[in-house]
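Geometric and topological summary
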Amino acid sequence: MAEGIRHKLDWGKLAPLRLRSRLVAEGVYAGGHRSARRGAGVEFGGHRAYTPGDDLRWLDRRSLLLHDRLLVRQFETETDRALRLIVDRTASMGYRGSQAEGAKLAWSALVAAALGRIAIENGDPVGLTLVGGQDGTRNLPVSGGRESFERLIATLESLEATGDALADARMLDRALGGIARSARRGSVIVFLSDLLDLPEGSMDLVAGLAARGRVLVVVQTLDPDEATLPFEGTVRLRSLEGGTVVETDVETTREQYLTALRELSERWERTMLARGGRFVRALTREDPVRVVRSIVEAAH
């Protein structure tokens, strides 16, 4: 599949990102969801001092009688709904075949940007973590507001697909470690990756993000060429990570290849479901509106 490699990210029909992400977001019915706000709920969360403007319904009159102080009852009705986007930008994500709208990384960037826009419009903060890369592009801390979306767009537009997860076995561990330690209960974590050429133990590492009451959605993003192997005759296939080169007759190896790919996807799905996560399959020729809607629905 070497003919699909690009040194610069091939956006194809997916650019410009800001406009396309807005159109995708507008095509998705995000629906309401709970967020990290105080209000009338089901679990008592303690007291705090009354400040002018507080809803008088939540004054604790008993505390006023006992302590001669105005206190307001708080309720932990809802949990943190920060959106933590994880985008695989290793070399294999730079592939674009003839049937695709753009490279896998470009397509993932569009989905990530649309999800970010939906979250920010709902008042939820967004953060971005990148897996791979050799150009010094920084992750984005969790933040909200219009400026946060602009930073997200600028970062995604600047990405190139570089890095070899097989050559650097701790690449994924370094990227996910901060999220595993800091993401709170109720956070929504979306991991966009082809799930190819990842080191041993990656499934369990990613699945661990679903612990502590967090919502994890893994989105396997494949090019149509990878999903069907449509080539004919003898072809020379080169892995974009790991450096493996194979010359083979497609007709004799297609079934074996497709079986191995299906088994890989099924193992990821079983592992995610067993640990409380969700799994979404996507091809880069699909309508991103449908895929983003599937991710939003899976996160609720």
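Model, not experiment: these values are computed from the prediction.

Another point: the overall build of the protein chain. Helices and strands together make up the secondary structure of the protein chain, namely 9 helices and 10 strands. Looking at the protein chain alone, contacts between residues at least 24 apart form 77% of all its contacts between residues at least 6 apart.

What the rule picks out here adds up to 13 salt bridges. Between D168 and R174 there is a salt bridge, with the nearest N and O atoms lying 2.6 Å from each other. The residue R170 makes a salt bridge to D173 at a minimum N-O spacing of 3.2 Å. We classify D173 as partly exposed; its relative accessible area is 29%.

A word on the pairing of strand β6 (residues 188-193). Along β6, 6 of the 6 residues are buried, which leaves the element largely enclosed by surrounding structure. The side-chain alternation of β6 yields two buried faces, one formed by V188, V190 and L192 and the other by I189, F191 and S193. In this sheet, β6 lies alongside strand β3 (residues 83-88) in parallel orientation, the contact comprising 5 bridges. Among the inter-strand pairings, L85 is bridged to a residue of β6, identified as V190. Bridge analysis of β6 against strand β7 (residues 215-222) gives 6 bridges, and the strand direction is parallel. Each residue of the ladder has a partner; that of I189, found in β7, is L216.

As a further point, take helix α9 (residues 288-298). It helps to recall that an α-helix has 3.6 residues per turn; residues three or four apart then point in one direction. Here α9 has its buried residues at P288, V289, V291, V292, I295, V296 and A298. Contacts from the buried residues of α9 go to α1 (17-26), α3 (104-121), β6, β7 and β10 (278-283). One side-chain oxygen of the residue at the start of α9 lies 3.0 Å from the amide nitrogen of V289, identifying that residue as D287.

If you walk across this open sheet you meet the 6 strands as β5-β4-β3-β6-β7-β10, and the pairing is mixed. Edge positions in the sheet fall to β5 (140-143) and β10, since each has one partner strand and no second. Strand-to-strand, the axes of this sheet are offset by a mean angle of 20°, without reference to chain direction. Lying on the sheet, α3 is in contact with β3, β4 (126-131), β6, β7 and β10; it crosses β3 at an angle near 175°. Contacts from helix α4 (residues 146-157) reach β3, β4 and β5 within the one sheet, and its direction differs from that of β4 by about 15°.

This part is about the side chain of D88. Considering the arrangement of structural elements, one finds D88 in strand β3. One polar contact links D88 to S193, side chain to side chain, over a distance of 2.8 Å. Not counting residues within four places of it along the chain, the set of residues in contact with D88 comprises M93, L105, V131, L192, S193 and D194.

Turning to helix α8 (residues 250-274), a few remarks are in order. Taking 1.5 Å per residue as the helical rise, α8 with its 25 residues ought to reach 36 Å, and the 35 Å between its terminal C-alpha atoms agrees with that figure. Taken residue by residue, α8 has V250, R254, L261, L264, S265, W268, T271 and M272 as its buried positions. Positive backbone phi, approximately 95°, marks G276, located one or two places after α8.

Attention shifts here to the confidence of the model for the protein chain. Per-residue confidence for the protein chain gives a mean pLDDT of 83, with 76% of residues at or over 70. The low-confidence segment residues 30-45, where pLDDT is below 50, has 47 contacts with residues more than four positions distant or belonging to other chains.

As a further point, take the pairing of β3. For β3, the tally of buried residues reaches 6 of 6 residues, placing the bulk of the element in the interior. Of the two faces of β3, both are covered, the one formed by L83, L85 and V87 as well as the one formed by R84, I86 and D88. The pairing of β3 with β4 spans 6 bridges and is classified as parallel. Counterpart to I86 in the pairing with β4 is T129. With α3 bridging β3 and its parallel neighbour β4, the resulting β-α-β unit is right-handed.

Here the focus is the packing of aromatic side chains. One pass over the full model with this rule turns up 0 aromatic pairs. Directly above the ring of F149 sits R117, whose terminal nitrogen or CZ lies 5.6 Å from the centroid.

Position of A175 relative to the elements: it lies in helix α5 (residues 171-182). Separated by 43 residues in the primary sequence, A175 and G132 place their C-alpha atoms 8.3 Å from one another. Residues in contact with A175, not counting those within four places in the same chain, are T129, L130 and V131.

Moving on, we get to the environment of G201. Position of G201 among the secondary structure elements: in the loop between β6 and α6 (202-207). In the structure, G201 is positioned 32 residues away from A169 in sequence and 9.6 Å away in space, judged by C-alpha atoms.

What follows deals with the nonpolar core. Nonpolar side chains tend to gather and get buried jointly when the protein is soluble and globular. In this structure, L85, L115, L156, V190, V217 and V292 are the most contacted members of the largest nonpolar core, which totals 50 residues. Here the element with the most residues in this core is α3; it accounts for 13 residues. Within the second largest apolar cluster, 28 residues are counted, among which are V131, M171, L176 and L196.

Here is what the cut-offs are and how they apply
- Residues numbered from 1 in each chain as written.
- Predicted model: local features only at pLDDT ≥ 70, side-chain atom pairs only at ≥ 80, totals over all residues.
- Heavy atoms only, no water.
- Helix = DSSP H or I, 4+ residues; strand = E, 2+ residues; numbered from the N terminus.
- Contact = heavy atoms within 4.5 Å.
- Salt bridge = Lys/Arg side-chain N within 4 Å of Asp/Glu carboxyl O.
- Buried < 20%, exposed > 50% of the residue type's maximum accessible area, 1.4 Å probe, protein only.
- Pairing = 2+ DSSP bridges.
- Polar contact = N/O pair within 3.5 Å; in protein donor to acceptor, adjacent residues only side chain to side chain.
- Axes fitted to C-alpha atoms, helices over the stretch in contact; angles between N-to-C directions.
- Expected span 1.5 Å × (residues − 1).
- pLDDT = per-residue confidence, 0-100.
- Right-handed = clockwise from strand over helix to strand, strands pointing away.
- Phe/Tyr/Trp six-rings, centres within 6.5 Å; stacked < 30°, edge-to-face > 60°.
- Lys NZ or Arg CZ within 6 Å of the ring centre and 35° of its normal.
- Core = buried A, V, L, I, M, F, W, Y, C linked by side-chain atoms within 4.5 Å.

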